[in-house]
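Observations on the model geometry
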Amino acid sequence: MFVLHSTPYPSFKVVIVTILLSVFIARYYIPVRSPGPMGHPWKYRIISGTFAFILDFTHFFEPIIGIPYYTLLNIIVDSFDPIKIRPFDHGEVLYHDQYIANVLVRMYTPTNRSKESLLPVIIFFHGGGFFFGSIYSHDTMNYHLSMYTGAKVIAVNYRLTPGVHYPTPIEEGVSVAKYVMDNYQEFSIDPTHVFLCGDSAGGNMAVVVERHLRRQRKPVVRGVLLLYPLLQLVHYRLASYQTYLPYRLLSLLREDMLVQVANFYVNTSFSQDELFHNRHLSLSDYEKFYSKLNLSSLDTNYDDIRKHNYLSQSSHPDTWKLFDENISPLLADDEILHNSPATFIVACTYDVLLSDAQLYFERLQRLNVKDVIYREYRIFHGVMTFVDFPVAFNEAFEIISDSAQFVINRTAQ
């Protein structure tokens, strides 16, 4: 006698969940394009897809709850700080939050130095296009930077745009740096070993803050570390923009986000079409950009004016603001650059800002600035915020290690 057994079918709930999960993956993860060969490309796909989802999520809720998407994005990222598992923290570095010159900072102090010794100090400015990021988003990176260098790290939580505009973030950065340098004994730091560091927009701040301190005849900054820095807001058709903008790196470096960097920071009114086709520039503006760099506009390593038949007859009313050397420090006069302190430039191969780093290095070289190091890493912009398990990248630790060596070599002199 045969007994027929019915084949079990998945429940209706399982089918629905499977369909929804498939749609989610197809919507956010499958479309991610890798900009080139890299270690752990699956991590990059997961990170980029997740950011794409979070951006859609925050845009969806923006009109419902009346909070801008970029504020929601910061709230989501920062909310992980108090609950973050810190497997890397074995007590090598102590950290706490406090206010310096009315600005919130997070201070990291290595424990392997004697209490009597004065430590080098790294004052760090986080990236995020001036409207995103915080001392919390860069916490793990700064912990390791302090551990690897044996230096005190002071991460500055400057106020973000568009709640404020330039020059407020710079003023807050200068205030913190001045207070630390003037009151070095309070922080047990060596005033002759002060370093400024920043990634992306924070790299812009590190350069500009150093120049402000130099003009105010403060003690000489020993070195500046620029991690894939944003150094100009004028020209959006440089080679690296044309190569990597189509990849929408991390789902964040895309036109609708990048246009807000300039508009929020400088309080301008550019459209995406104007900026990313250089329609905010006249031919005179275009030539002025290259004359500031002492480069020909026909230098096809970076650009070719013959490709730019869409330049405007006249400048956008706000274009002049972008040429300010405190907005676009790449365009400062030769004398200012010539007196730059020791500089470590980190460039990422897969980055719309790669040309910024290359041009800055080339300018410093041409001006015979003595102590300049340029390193390029085959990884994507923003990698320094991905040093936590399970999304850590080896290249991020290479950058931290090389940055630490730059500091160590100049504190031993």
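Residues numbered from 1 in each chain as written. Predicted model: local features only at pLDDT ≥ 70, side-chain atom pairs only at ≥ 80, totals over all residues. Heavy atoms only, no water.

With that out of the way, let us pick up the pairing of strand 8 (residues 372-380). Direction of pairing for strand 7 (residues 342-350) relative to strand 8: parallel, over a ladder of seven bridges. The partner of valine 346 across the bridge, within strand 8, is arginine 375. Taken together, strand 7, helix 14 (residues 354-366) and strand 8 form a β-α-β motif whose crossover is right-handed. (Pairing = 2+ DSSP bridges. Helix = DSSP H or I, 4+ residues; strand = E, 2+ residues; numbered from the N terminus. Right-handed = clockwise from strand over helix to strand, strands pointing away.)

Tracing the backbone through its elements, the reader meets valine 234 in the loop between strand 6 (223-227) and helix 8 (239-244). Leave out the neighbours within four places in its chain, and valine 234 touches Asn278, His280, Leu281, Phe289, Leu322, Phe323, Ser328 and Leu331. (Contact = heavy atoms within 4.5 Å.)

Let us now look at the UniProt feature "transmembrane region" (unreviewed entry) in the protein. With numbering aligned to this structure, UniProt lists the feature "transmembrane region" (unreviewed entry) at residues 12-30 and 117-137. The annotated region residues 12-30 carries 89% helix and 0% strand content, and the separation between its end C-alpha atoms amounts to 26 Å. (UniProt positions renumbered as here; feature names shortened; annotations may be inferred.)

Time to look at the packing of aromatic side chains. All told, the structure shown has 29 aromatic pairs when counted by the stated rule. A centroid spacing of 5.2 Å and a plane angle of 65° characterise the contact between tyrosine 70 and phenylalanine 264, whose relative ring orientation is edge-to-face. With a gap of 194 residues between them, tyrosine 70 in helix 3 (residues 69-78) and phenylalanine 264 in helix 9 (residues 255-266) connect regions that are remote in the sequence. Ring geometry for tyrosine 179 against phenylalanine 187: centres 6.1 Å apart, planes inclined by 75°, an arrangement best described as edge-to-face. Note on tyrosine 179: relative accessible area 32%, which makes it partly exposed. Ring pairing ties together the aromatic residues Phe24, Tyr28, Tyr29, Phe53, Phe57, Phe60 and Phe61, which thus form one cluster. A cation sits over an aromatic face here: arginine 33 above tyrosine 247, 4.4 Å from the ring centre. When the ring centre of phenylalanine 393 is taken as reference, the NZ or CZ atom of lysine 43 above it lies at 5.7 Å. (Phe/Tyr/Trp six-rings, centres within 6.5 Å; stacked < 30°, edge-to-face > 60°. Buried < 20%, exposed > 50% of the residue type's maximum accessible area, 1.4 Å probe, protein only. Lys NZ or Arg CZ within 6 Å of the ring centre and 35° of its normal.)

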